[in-house]
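Per-entry structural report
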Amino acid sequence: MTLILYLIAINALALTLFFYDKRQSQSGGWRIPENTLLGIAILGGSIGAKIAQMKFRHKTRKQPFGRILNIILILQFILILALSIPQTRALLLAPN
């Protein structure tokens, strides 16, 4: 349950930060560094970041940002898929 709440919070944060950065880019205000946006995605907010990118049409043409965000999303999807398979989960989470 804690993991689900964390993922909801981090994805909401990613969405909010993308929205804020989009508004700041339109008004010429202080921007959120790309590394911060990508860092939030790495910490689990990649779905919120991708939704925000599409919804607000923000950083859609910016490269390599878009490619990096897509890679983060794909790697996290693969990790979730791997953890959903009992044998792979046991292998990945087994103490050395």
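Here goes a summary of the coordinates provided.

About the thresholds
- Residues numbered from 1 in each chain as written.
- Predicted model: local features only at pLDDT ≥ 70, side-chain atom pairs only at ≥ 80, totals over all residues.
- Heavy atoms only, no water.
- Phe/Tyr/Trp six-rings, centres within 6.5 Å; stacked < 30°, edge-to-face > 60°.
- Helix = DSSP H or I, 4+ residues; strand = E, 2+ residues; numbered from the N terminus.
- Buried < 20%, exposed > 50% of the residue type's maximum accessible area, 1.4 Å probe, protein only.
- Salt bridge = Lys/Arg side-chain N within 4 Å of Asp/Glu carboxyl O.
- Core = buried A, V, L, I, M, F, W, Y, C linked by side-chain atoms within 4.5 Å.
- Contact = heavy atoms within 4.5 Å.
- Expected span 1.5 Å × (residues − 1).
- 1 Å grid on protein atoms, 1.4 Å probe; cavity = no way out; pocket = protein on both sides within 12 Å on 5 of 7 lines; lining within 4 Å.
- Points joined across faces, edges and corners; volume = space filled by probe spheres on them.

**A word on the packing of aromatic side chains**
- Applying the stated criterion across every chain, the model contains 2 aromatic pairs.
- The interplanar angle of 55° and the centroid separation of 6.1 Å between the aromatic rings of Phe 18 and Phe 65 together place this pair among those described as tilted. Remark: Phe 65 occurs in helix α3 (residues 65-84) and Phe 18 occurs in helix α1 (residues 2-27); sequence separation between them is 47 residues.
- By relative accessible area, Phe 18 is classed as buried at 1%.

**Some points on the pattern of salt bridges**
- The full count for this structure, using the stated rule, is 1 salt bridge.
- In this structure, the salt-bridge partner of Arg 31 is Asp 21, at a minimum N-O distance of 2.9 Å. Of this pair, Arg 31 sits in the loop between α1 and α2 (34-55) while Asp 21 sits in helix α1; the two residues are 10 residues apart in sequence, bridging distant segments of the chain.
- Residue Arg 31 is classed as partly exposed on the basis of its relative accessible area of 33%.

**Description of the nonpolar core**
- Core analysis: the largest hydrophobic core is formed by 15 residues, its most contacted members being Phe 18, Leu 37, Ala 49, Phe 65 and Leu 69.
- For this core, the elements supplying multiple residues, two or more each, are α1, α2 and α3.
- When residues no more than four places from it in sequence are discounted, the contact partners of Phe 18 are Leu 37, Ala 49, Ala 52, Gln 53, Phe 56, His 58, Phe 65 and Leu 69.

**Remarks on α3**
- Look at α3: 29 Å from first C-alpha to last across 20 residues, which is about the 28 Å you get at 1.5 Å a residue.
- Residues Phe 65, Gly 66, Leu 69, Ile 72, Gln 76 and Ala 82 constitute the buried set of α3.
- Where α3 is buried, its residues contact α1, α2 and α4 (86-93).

**Focus: the environment of Lys 62**
- Along the chain, the position of Lys 62 falls in the loop between α2 and α3.
- Along the chain, Lys 62 and Asn 35 lie 27 residues apart, while their C-alpha atoms are 13 Å from each other.

**Let's talk about the layout of surface pockets**
- Here the largest pocket defines a volume of roughly 350 Å³.
- For the largest pocket, the lining is made up of 14 residues, of which Leu 3, Leu 7, Gly 44, Gln 76 and Ile 80 are closest to its centre.
- At the level of secondary structure, the elements contributing two or more residues to the lining of the largest pocket comprise α1, α2 and α3.
- When residues of the lining of the largest pocket are assigned to their parent elements, the largest contribution, 6 residues, is made by α3.

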